[in-house]
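# Descriptive analysis of the structure
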Amino acid sequence: MKKDILSCSLEELYSEMEAIGEKKFRGKQIYEWLHTKRVHEFSNMSNISSSLRTKLDELYCINSIKIVRKLESSIDNTVKYLYELSDGNHIESVLMDYKHGNSLCISTQVGCKMGCNFCASTIAGFKRHLFPSEMLLQVYEAERDSGRHIDSLVLMGIGEPLDNFNNTIRFLQMISYETGKNLSLRHVSLSTCGLVDKIYELAEYRFGLTLSVSLHAVTDEERNKIMPINKQYPIGTLLKACRDYIEKTGRRISFEYAVIHGINDSPADAVALIKLLRGMNCHINLIPVNQIKERDYRSDKNALYDFLNILDKGGLNATVRRTLGADIDAACGQLRREYEI
Ligand code: SAH
């Protein structure tokens, strides 16, 4: 089978070129075509000799993804893309327009095995991991199609990025190379449901990214019910890993808390959250839960703002996430589910 060249790091291309008897700098030229100029046909790489182009064609394939549906919000500039991968699977990305620039939310897996019971991405289960090329292509395709420059990324689309650890690390390294997109990891947020062993591993990379941790409940009893991963890594274990992460990277953590009426939004829950997180270098992102058709979860505005007030008074740094693309069901996972049924 031909090798996926868009998933090859620069270092890898250097050694691949040397292995086939070419000069090392050819690796850089090819990498530039693929990731800076974004030319995805060997035949158009004009400074590469035709004999090398033929060789490349024999050894490698250039992966691609295709936009099969695009929804544009009429209330803000949010655009939601449904992409088809080369094997026919589907994933989603969402392009959002913030004050500080354009942000793209990307997927890291086809489906998800984590089973959070409020999340549309996991309902039909897990199909496969995404390759680094497929994460990069979500960015390149969204920029090409929209003509907008993407300033920041969130790994909060379909899938659990830390469950696809090696490909996600490779993607982060490649998106931040000077040759290529050259995006500082300071402008990247990675969201996890709490894979504790991988949080420790990620800390070792000392990336400048923001780690977002999906907490969503304050007791193990409640978290077990809505997030099965909690049975493996309960809240105490998770927060210990978070403290280690903050200490090693010097970065604050962002906790995601989807506010679900009658489940996790009582004043007592807010007080318990203060107790859990007090003194930690963190921010809390309250997310009005997105309704999905499989569950009757909803958010109550009054309870949400009461919850926020209690956190504020308790000295926690909390904000309510603004809803974007409400008219196009911009929360990830929903479009793919509609499409695949
Ligand atoms: N697997 C990762 C990243 C993908 S989900 C994670 O769990 O963090 C991105 C965020 O959206 C997570 O915080 C997730 O809990 C949240 N989310 C999923 N479904 C939601 C819904 N229906 N309403 C609000 N937030 C939701």
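Turning our attention to the site of the ligand. Every one of the 15 residues lining the ligand counts as a neighbour, but Phe118, Ser191, Ser214, His216 and Asn290 are closest to it. Taking Phe118, its main chain carries an N or O atom lying 2.9 Å from a nitrogen atom of the ligand. The contact in question runs from an oxygen atom of the ligand to an N or O atom on the backbone of Thr192, over 3.4 Å. Here the ligand has 530 Å² of accessible area as a free molecule, and 90% of this is covered by the chains. Grouping the constituent residues of the shell around the ligand by class yields six nonpolar, seven polar and two charged.

Looking at the assigned domains, one finds that the protein chain contains domain 1 (3–61) and domain 2 (66–340). Using only C-alpha atoms to locate each centre, domain 1 and domain 2 end up separated by 34 Å. On the domain 2 side, the residues contacting the 16 residues of domain 1 number 13 residues. When domain 1 packs against domain 2, close to 1,100 Å² is buried across both sides, 55% of that on carbon and sulfur atoms. When the area that domain 1 buries against domain 2 is broken down by residue, the three leading residues are Ser7, Tyr31 and Arg38, summing to 42%. For the pair domain 1 and domain 2, the interface holds two salt bridges. We note a salt bridge from Arg170 to Glu12, for which the minimum N-O separation is 2.9 Å.

Phi is positive for Asn182, which is not a glycine, with a value near 55°. Here Asn182 is to be found in the loop between α5 (165–176) and β10 (188–192).

So, about the sheet that holds β10. The 10 strands lie next to each other as β3-β4-β5-β6-β9-β10-β11-β12-β13-β14, forming an open sheet whose pairing is mixed. Of all the strands in the sheet, just β3 (66–72) and β14 (318–320) have a single pairing partner and so form its edges. With direction set aside, neighbouring strand axes in the sheet form an average angle of 25°. By the bridge criterion, seven bridges tie strand β12 (residues 253–259) to strand β13 (residues 282–288) in an arrangement that is parallel.

Now for the pattern of salt bridges. Close approach of charged atoms allows side chains with opposite charge to pair. The full count for this structure, using the stated rule, is 19 salt bridges. Members of the salt-bridge network, linked through shared partners, are Lys3, Glu12, Glu16 and Arg170.

Side chains of nonpolar character tend, in soluble globular proteins, to be buried together. With 100 residues, the main nonpolar core has Leu153, Phe255, Ile284 and Leu311 as its most contacted residues. Among the elements that make up this core, the one with the highest residue count is helix α9 (residues 235–249) (seven residues). Both domain 1 (3–61) and domain 2 (66–340) contribute no fewer than three residues apiece to this core. Other than its neighbours up to four places away in sequence, Phe255 contacts Val213, Leu215, Leu239, Cys242, Leu277, Met280, Cys282, His283, Ile284 and Asn285. If you look at the next biggest cluster of nonpolar residues, it comprises five residues, including Val94, Met96, Val154 and Leu324.

Moving on, we come to helix α1 (residues 10–19). Considered for burial, the residues of α1 that qualify are Leu10, Glu12, Leu13, Tyr14, Glu16 and Met17. Structurally, α1 contributes buried residues whose contacts are with β1 (3–4), α2 (25–35), α3 (50–59), β2 (60–61) and α5. Positive backbone phi, at 80°, marks Gly21, one or two positions downstream of α1.

Definitions and limits used
- Residues numbered from 1 in each chain as written.
- Predicted model: local features only at pLDDT ≥ 70, side-chain atom pairs only at ≥ 80, totals over all residues.
- Heavy atoms only, no water.
- Near = heavy atom within 4 Å.
- Polar contact = N/O pair within 3.5 Å; in protein donor to acceptor, adjacent residues only side chain to side chain.
- Areas by Shrake-Rupley, 256 points an atom, 1.4 Å probe, with all protein chains shown as cover.
- Nonpolar A, V, L, I, M, F, W, Y, C, P; charged D, E, K, R; others polar.
- Domains from an automatic or database assignment.
- Contact = heavy atoms within 4.5 Å.
- Buried area = accessible area lost by both parts, 1.4 Å probe.
- Salt bridge = Lys/Arg side-chain N within 4 Å of Asp/Glu carboxyl O.
- Helix = DSSP H or I, 4+ residues; strand = E, 2+ residues; numbered from the N terminus.
- Pairing = 2+ DSSP bridges.
- Axes fitted to C-alpha atoms, helices over the stretch in contact; angles between N-to-C directions.
- Core = buried A, V, L, I, M, F, W, Y, C linked by side-chain atoms within 4.5 Å.
- Buried < 20%, exposed > 50% of the residue type's maximum accessible area, 1.4 Å probe, protein only.

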